[in-house]
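Coordinate inspection notes
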Amino acid sequence: MAIAAVALGGNALIHPKERGTAEKQISRVNNTIALLKPLSERFSLVLTHGNGPQVGNLLLQQETAKDIVPPMPLDTLDAMTQGQLGYWIQQAVENVLRKNAATIITRVLVDEKDPAFEKPTKPIGPYYREKVFSNMVKEPEGWRRVVPSPKPVEIIDIEEIASLVGRGFVVIACGGGGIPVAKEKDDFIGIEAVVDKDYSTAKLASQLKADLLVFLTDVPTVYRNYGKRNQNPLYRLNRRDAQALLDAGEFKEGSMKPKIEASISFLVEGGKQVIITTVEQIGDALKGSAGTIIE
Ligand code: ADP
Ligand code: MG
């Protein structure tokens, strides 16, 4: 069966205003996974997911309890959220789709010479009243840590993922964009950074030779003139259209831009199709009647 790599965006797992009890998040995961049925009937699935709200909560717990329990570094917190969300998704895939599932704690190789390390851009965790870490920026709500967001060079654990996919497992991988690690001499070292899940999902899809890459997010399509009065949906694009719109600055840094850049590199590396839509509309998008399709 052809392979589809499917990235689950923020809203698939938690809503911005929710407290995020386990019960609520698990129920969202179950609903999301149920809506993947049409995809799971046509493709072997590899699922990736974001971890922003979950790792944000863990960072807050580290800070609040730091005098009692030693705080863990960001790469370790990434691994913790991969386990947490992987477990919930795994249960949902087995209970709802009745398929075997496995979670792979996934490391993503980053290059220490990546220019992102000179200019940290990704805000993480809670707001503080004072500057308590060296890597902080002042936002209207207070001080916040910012970490670099380097590009993934390769998915280190690709062989394990590929062999499980080959044996019919639905694999959950690259949670939170993967745990960034760098190579120092012959060893891998965890890094305090965040890899955008869109780039790592596209890299994973290319390395698996997937046919389809799906970004499930909180907008039904990609738009031209997004947020303006003349906003209009883009239903079908080819790679060159997508590149031209990207060059024209139609896609916002840190949200839609990484998805489009990732889509283009997936197609350049041999992928056949990309779909960007919501979980609710993925069934229709597969039939060609919803979402943004890039070929
Ligand atoms: P995810 O968790 O799925 O990665 P993001 O917030 O990173 O979610 O990306 C989706 C968001 O991208 C949308 O909610 C929307 O606000 C934003 N966005 C920016 N530019 C566009 C565009 N041109 N068309 C559609 N959405 C856009
Ligand atoms: Mg995003």
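Residue numbers restart at each chain and count upward from 1, following the sequence in its written direction. Note on labels: chains are lettered from A, ligands numbered from 1, in written order. Selection of residues for local features in this predicted model requires a pLDDT of at least 70, selection of side-chain atom pairs for listing and counting requires 80 or more, and totals for whole chains, interfaces and linings are taken over all residues. With hydrogens and water excluded, all non-hydrogen atoms of the structure serve as input to the side-chain values.

Notes on the sheet that holds strand 6 (residues 136–139)
In spatial order, the strands read 5-7-6; together these three strands make up an open sheet with antiparallel pairing. Only two strands of the sheet have a single partner each, and these edge strands are strand 5 (122–128) and strand 6. Strand-to-strand twist across the sheet, computed as the mean angle between neighbouring axes with direction ignored, equals 35°. Pairing of strand 6 with strand 7 (residues 142–147) involves four bridges; the strand directions are antiparallel. When the bridges of strand 7 are listed, Glu139 appears paired with Gly142. The sheet contacts of helix 3 (residues 52–64) involve strand 5 and strand 7, and relative to strand 5 the element is tilted by about 45°. Whether two strands pair depends on DSSP finding at least two bridges between them. Helix and strand definitions here come from DSSP, where helices need a minimum of 4 consecutive H or I residues and strands a minimum of 2 consecutive E residues; each element is numbered from the N-terminal end. Inter-axis angles, ranging from 0 to 180 degrees, are taken between N-to-C directions of lines fitted to C-alpha atoms, where helices are fitted over the stretch in contact. Any two residues whose heavy atoms approach within 4.5 Å at even a single point are treated as in contact.

Observations regarding the sheet that holds strand 15 (residues 236–237)
The eight strands lie next to each other as 3-9-2-1-12-16-17-15, forming an open sheet whose pairing is mixed. Each having just a single partner strand, strand 3 (101–103) and strand 15 make up the two edges of the open sheet. Relative to strand 16 (residues 273–277), strand 12 (residues 212–216) is paired through five bridges, and the arrangement is parallel. Across the sheet, Leu212 pairs through a bridge with Gln273, a residue of strand 16.

Quick notes on the pattern of salt bridges
We define a salt bridge as a side-chain nitrogen of Lys or Arg found within 4 Å of a carboxyl oxygen belonging to Asp or Glu. Following the criterion strictly, the structure yields twelve salt bridges and no others. Two residues, Lys37 and Glu41, come together in a salt bridge whose shortest N-O distance is 2.9 Å. A residue pair is termed a helical-turn pair when its members lie 3 or 4 positions apart in one helix, as Lys37 and Glu41 do in helix 2 (residues 37–42) at four residues. For the exposure calls, accessible area comes from a 1.4 Å probe over protein chains only, and a residue counts as buried if that area is under 20% of its type's maximum, exposed if over 50%, partly exposed in between. Judged by its relative accessible area of 42%, Lys37 falls in the partly exposed class. In this structure, Glu192 engages Arg145 in a salt bridge whose closest nitrogen and oxygen atoms are separated by 3.5 Å. Of the two residues, Glu192 sits in the loop between strand 11 (187–190) and helix 6 (197–207) while Arg145 sits in strand 7, which places them 47 residues apart along the sequence. Judged by relative accessible area, Glu192 falls into the partly exposed class, the value being 39%. For Arg145, a relative accessible area of 12% puts it in the buried group. Each of the salt bridges in this network shares a partner with another, and the network as a whole consists of Lys197, Asp198 and Lys259.

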